[in-house]
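Residues per chain are reported as follows:
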Amino acid sequence: RASRAQRRLLEEPRDVLTSLGVAVYDWDLASDEIAWAPNAAEVLGLKNMAGFGRGCDLAQIVDPASGQTRADAILGSTGTDEGSGVPYLARYDLR
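Source: prediction; values computed, not measured.

The rules we used
- Residues numbered from 1 in each chain as written.
- Predicted model: local features only at pLDDT ≥ 70, side-chain atom pairs only at ≥ 80, totals over all residues.
- Heavy atoms only, no water.
- Core = buried A, V, L, I, M, F, W, Y, C linked by side-chain atoms within 4.5 Å.
- Buried < 20%, exposed > 50% of the residue type's maximum accessible area, 1.4 Å probe, protein only.
- Helix = DSSP H or I, 4+ residues; strand = E, 2+ residues; numbered from the N terminus.
- Contact = heavy atoms within 4.5 Å.
- Patch = residues over 30% accessible without salt bridge, like charges linked within 9 Å, V, L, I, M, F, W, Y side chains within 5 Å.
- Areas by Shrake-Rupley, 256 points an atom, 1.4 Å probe, with all protein chains shown as cover.
- Salt bridge = Lys/Arg side-chain N within 4 Å of Asp/Glu carboxyl O.
- Polar contact = N/O pair within 3.5 Å; in protein donor to acceptor, adjacent residues only side chain to side chain.

**Student:** Kindly report on the nonpolar core, identifying the contributing residues and their values.
**Tutor:** Within the largest apolar cluster, 13 residues are counted, with the highest numbers of intra-cluster contacts made by Tyr25, Ile34, Trp36, Met49 and Leu58. The set of elements that each furnish at least two residues to this core consists of strand 1 (25-27), strand 2 (34-36) and helix 2 (40-44). Those residues in contact with methionine 49, other than ones at most four positions away along the chain, are Trp36, Ala40, Ala41 and Leu44.

Next up, the structure:
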């Protein structure tokens, strides 16, 4: 379990990315659930994120020509999940 200091170290970059107009989210591989940052709908140009609570939902609107998928970015990562997750970066073009 991540300590308070470890969680804060993970939150600070998220705050910076959100302030720069990046849609940050947590994706649980086991359940396929996605928890979006509050700015996600605005950044993605959607009315709301109600229909995008799972990775498979998001995959339906990602253009296949975008390049590396979320799964590729995570499964190909050299990072190790010690319980608090592993940050990754992926860029998507939406259909």
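**Student:** Could you give me a rundown of a nonpolar patch on the surface, with the residues and numbers involved?
**Tutor:** A surface patch of nonpolar side chains, amounting to about 340 Å² of accessible area, comprises Val16, Leu17, Leu20 and Val22. Relative to the helices and strands, leucine 17 is located in helix 1 (residues 4-19).

**Student:** Pulling in residues and values, what's your account of the pattern of salt bridges?
**Tutor:** Per the stated rule, a full pass over the model turns up one salt bridge. Salt-bridge contacts for aspartate 57 lead to arginine 54; the nearest nitrogen and oxygen are separated by 3.4 Å. According to the relative accessible area criterion, arginine 54 is partly exposed, its value standing at 41%.

**Student:** Summarise unusual backbone geometry; cite the residues concerned and give the values.
**Tutor:** Look at aspartate 32: it is not a glycine, yet its phi comes out positive at around 70 degrees. Tracing the sequence through the fold places aspartate 32 in the loop between strand 1 and strand 2.

**Student:** Which residues make up the side chain of serine 66, and what values do they have?
**Tutor:** On the secondary structure map, serine 66 appears in the loop between helix 3 (55-59) and helix 4 (70-75). Judged by relative accessible area, which is 18%, serine 66 ranks as buried. Only 2.7 Å separates the side chain of serine 66 from the backbone oxygen of aspartate 63, close enough to count as a polar contact. Not counting the four nearest positions on each side in its chain, serine 66 is found in contact with Arg91, Tyr92 and Asp93.

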